[in-house]
Amino acid sequence: LKAVQERWDVDDDADSEGPSKNESAADHISLKKQESGASIPAAAGTMATLGDGEERKSKSAPNSGNGAWQRLKKLNSVNKRCITVTFLSIQNRKSQEQQQLKSSNGQDQERGKEGPQTQSEGEEGTKFEKPPPLPLSQLLTIIVTTSPIRSHPSTEMLEKTFDTFPYAGKEFAYECRKVIVCDGCRVRDEEEDGFNNSNGFNSRRISCDSATASNSNQSFNNNNIDKNDNDRNNNDKNNSNGINSGSNHSESKPTITRKHANIKQALRSGITTVDQAKNYIEFKTALRKLCEDATRAPYPQVKSPFRNAEVVELEERHGYGFALRHALLHCINTPYVCVIQHDRTFMRPAPVAEVVDAMRNDPTEKIKYVGMSMKSNLMYYDIFGGKYGKKAIDELRSMILRPESLCIGGGVYGPNGSSSRHMTADSKKVRQNLESLVETYRGSMQYITYKEWLQSVGRSTTAGDSGGRCGNVHQNCHQLSLTPTLFWYDNTHIVQTSHYRDFVFDPKHKMVARGGFVEDKLSPAMIRNVERFGLREGHGRFGCYLLDDHSGMFFTGHLDGGGYLTAEE
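Residues take numbers from 1 onward in each chain, read along the sequence in its written order. Two thresholds apply to this predicted model, a pLDDT of at least 70 for residue-level local features and 80 or more for giving and counting side-chain atom pairs, whereas whole-chain, interface and lining totals are computed over all residues. Hydrogens and waters are ignored; side-chain quantities use all the structure's heavy atoms.

1. A short note on the overall build of the protein chain
We apply this condition: Only DSSP runs of H or I with at least four residues qualify as helices, and only runs of E with at least two residues qualify as strands; both kinds are numbered from the N terminus onward. In this scheme, a residue with accessible area under 20% of its type's maximum is buried, one over 50% is exposed, and one in between is partly exposed, where area comes from a 1.4 Å probe on protein chains only. Should any heavy atoms of two residues lie within 4.5 Å, those residues are considered in contact. Only the protein chains shown count as cover for residues, and all accessible areas are computed by the Shrake-Rupley method using a 1.4 Å probe.
Within the protein chain, the secondary structure is distributed over 20 helices and 19 strands. Looking at the 569 residues of the protein chain, the share that counts as buried comes to 46%. Sequence separation of 24 or more characterises 78% of the internal contacts of the protein chain that already satisfy a separation of 6 or more. Accessible surface computed for the protein chain: about 29400 Å², of which carbon and sulfur atoms make up 46%.

2. Brief notes about the sheet that holds strand β10 (residues 309-313)
Heads up, the condition is: Two strands qualify as a pair provided DSSP detects at least 2 bridges between them. Angular values range over 0 to 180 degrees, each being the angle between N-to-C directions of two axes fitted as lines to C-alpha atoms, with helices fitted over their stretch in contact.
One open sheet accounts for eight strands, arranged β10-β6-β5-β11-β17-β13-β18-β16; its pairing is mixed. On the outer flanks of this sheet lie β10 and β16 (481-484), each paired with one strand and no other. The average undirected angle you get between the axes of adjacent strands in this sheet is 25°. Bridge analysis of β16 against strand β18 (residues 544-548) gives four bridges, and the strand direction is antiparallel. By the bridge assignment for β18, Pro484 is matched with Tyr545. Contacts between helix α5 (residues 156-163) and the sheet are confined to β5 (140-146), β6 (177-182) and β11 (336-341), with β6 contributing the most and set at about 155° to the helix. Against the sheet, helix α18 (residues 497-504) touches β11 and β17 (493-496), its axis set at about 70° to β17.

3. Focus on the nonpolar core
The condition is simple: Working definition of a nonpolar core: buried Ala, Val, Leu, Ile, Met, Phe, Trp, Tyr and Cys residues. They are joined through side-chain atoms within 4.5 Å.
Ranked by internal contacts, the top residues of the largest apolar core, which has 50 residues, are Phe172 and Ile180. When residues in this core are grouped by element, the largest group, seven residues, is from helix α11 (residues 274-296). Setting aside anything within four residues of it in sequence, one finds Ile180 in contact with Val144, Thr146, Leu158, Phe162, Leu287, Cys291, Phe306, Ala309, Glu310, Val311 and Val312. Core analysis: the second largest hydrophobic core is formed by 44 residues, Val339, Ile400, Trp488 and Phe542 among them.

4. Observations concerning the confidence of the model for the protein chain
What counts here: Scored between 0 and 100, pLDDT is the confidence that the predictor attaches to each residue.
Averaged over every residue, the pLDDT of the protein chain is 74; the share at 70 or more is 60%. Contacts for the low-pLDDT stretch residues 107-118, under 50 throughout, to residues beyond four places or in other chains number 17 contacts. Low pLDDT, under 50, characterises residues 462-469; the predicted model gives this stretch 25 contacts beyond four residues in sequence or across chains.

5. Topic: the pattern of salt bridges
The test is simple: Salt bridges are defined by distance alone: a side-chain nitrogen of Lys or Arg within 4 Å of a carboxyl oxygen of Asp or Glu.
The final tally for this structure, using the stated rule, is eleven salt bridges. Arg514 is the salt-bridge partner of Glu316, the closest N and O atoms lying 3.9 Å from each other. Of this pair, Glu316 sits in the loop between β10 and α12 (319-330) while Arg514 sits in the loop between α18 and α19 (518-533); the two residues are 198 residues apart in sequence, bridging distant segments of the chain. For Arg514, a relative accessible area of 42% corresponds to the partly exposed category.

6. Some thoughts on the packing of helix α14 (residues 380-388) against helix α15 (residues 390-398)
So the rule is basically this: Note on residue classes: Ala, Val, Leu, Ile, Met, Phe, Trp, Tyr, Cys and Pro are nonpolar, Asp, Glu, Lys and Arg are charged, and everything else, Gly too, is polar.
It is at 7 Å that the axes of α14 and α15 come closest, and there the two elements cross at 145°. Between α14 and α15, the contacting residues are Tyr381, Phe384, Gly385 and Tyr388 on the first element and Lys390, Ala392, Ile393, Leu396 and Arg397 on the second. Grouping the constituent residues of the contact of α14 with α15 by class yields six nonpolar, one polar and two charged.

7. Quick word on unusual backbone geometry
A cis geometry characterises the amide bond from His152 onward to Pro153, with omega recorded as 15°. Relative to the helices and strands, Pro153 is located in the loop between β5 and α5. Geometrically, the link from Tyr299 to Pro300 is a cis peptide bond, its omega value of 15° lying close to zero. The backbone phi angle of Glu365 is positive, close to 55°, even though this residue is not glycine. You can see Glu365 is positioned in the loop between α13 (352-360) and β13 (369-371). Although it is not a glycine, Lys510 sits at a positive phi angle of roughly 55°. Here Lys510 lies in the loop between α18 and α19.

8. Considering the pairing of β18
The buried fraction of β18 amounts to five of the five residues, a majority that puts the element mostly inside the structure. Alternating positions in β18 separate into two faces, Cys544, Leu546 and Asp548 on one and Tyr545 and Leu547 on the other, with burial throughout. Across three bridges, β13 lies against β18 in parallel orientation. Counted as the bridge partner of Tyr369 is Cys544 from β18.

9. Focus on the packing of aromatic side chains
How we decide: Any two of the Phe, Tyr and Trp rings considered here, Trp counted by its six-membered ring, make a pair once their centres fall within 6.5 Å; the pair's planes then place it as stacked at under 30 degrees, edge-to-face at over 60, or tilted in between.
According to the stated counting rule, one finds 17 aromatic pairs in the structure shown. Centroid distance Trp488 to Tyr500: 5.4 Å. Interplanar angle 65°. Geometry classified as edge-to-face. Here the residue Trp488 occupies a position in the loop between β16 and β17, and Tyr500 occupies one in helix α18, the gap between them amounting to twelve residues. Judged on exposure class, the residue Trp488 and its partner Tyr500 are both buried.

10. Observations concerning helix α16 (residues 428-442)
The line we're drawing: Take the residue count of a helix, subtract one, and multiply by 1.5 Å to get its expected span. Our arc is simply the arc of the directions from the helix axis toward the C-beta atoms.
Given a rise of 1.5 Å per residue, 15 residues ought to cover 21 Å, and the 22 Å separating the end C-alpha atoms of α16 matches this to within 8%. Among the residues making up α16, those that are buried are Leu434, Leu437, Val438 and Tyr441. What you see down the axis of α16 is that its buried residues fit within an arc of 100°, all on one side. In α16, those exposed residues whose orientation departs by more than 90 degrees from the buried face are Lys428, Lys429 and Glu439.

Pasting the structure below:
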């Protein structure tokens, strides 16, 4: 935008007419300038040549006077401004993605040197130029969120989570950049040991470091509890902890809610005791050392999933949603992110690189979010049909995507794939439960719909089922599918970075609350959008899909960090 600070008077009584067919807008302005004698300032950019009086005067056509406007508005000095708006260009998402990649690599390579490019047709028959292939480490950043849990200061649970990263590929585990976001916590003013205090507790929103410092000189043994209570009541302003405890007992000790009545629920809300806060600080110190040692170790002689990992500490309690938002706004420079919670593990090989490739090569740009299946949403197609009925399920069936990038060979995925054989069972009962789950899945409408699609393309479940969609057709090639979902699962998922930044966390939408999870408010907003605009259009704005390889096994598991205990504990 270029604002011209000159002020002009417009005679509202005069009518205006456009320039003649033989006269351009620039010629008209030049004539207007000659007749009125006014000095029209030049705007920057493409409009700058309009201010060159002599040039415009000489370039005007000989008959431009005959084609001049019949009535000219008189320009005099009044309290009005003229604003010139110049549109330089509008970049699409693919161009922004390429620029982002160039800036992150520090290289400005020409497009012709990046490799061969192929074209495919979009929905409307327009040619779509596929982006050049790039390493996964240049496209994807892994964000891992963590917060205080009972097993701290041990890093055992997080190490178990990271140890499953090779299931997503070697490049994912050892070369992709990882950002571990450590949320802050609220330290409660402890007056009695344990969480079963019926009178409740005071809490303040401070960092764990400051909590430890402010309480470093305070004794919490039973002999000094009564003395400390009297000191707080007698001298509020000189309280060494900085917490105002007035003489009114009801104001100093608000009633504890049932939500925070036990350790697990309190930690889930970021509320810790002083000892737990100290353990959390020790955990972050050990975690930082673990990442530094793994990065300095020679690769590939020493392979650690903590390689290329960095720790980001938040001073205050943000909650999962806003902790993720902080990482996206300040720590990410890749077009895609894989978001993982500290207690979410990969249970078997997962095609993360292929999913990213499918999102990049999507000509319609429908795929914005791809969630890895877990036990609760493995048969989402049936869950959706039971909730919304036949008419909705018929429309959902037409929205299922089967990208060419997810046609994967090698016999890894599918009903008889080797990926499901990596599922480990700690006991015979767990193994029986997994086998029972597979049988249930093969009787579900989700699997029946998949078999119907195979028949429509002339394939069977026992042979290669690509249906001619895969450019590398061979035996045991399997086509994975993306099922639309109306729920934003905070479970392990891959998302466009721009979709998170510019849409999900857009302040005007208010779809994520501080201290809560993303799925809490975003999923109801998605359903309201579908109710208003219809399933296809309402879902398209969010672009959420679940990955399914039709094996009857889920990709991710849950360690339950709130109740996790180490072997020693």
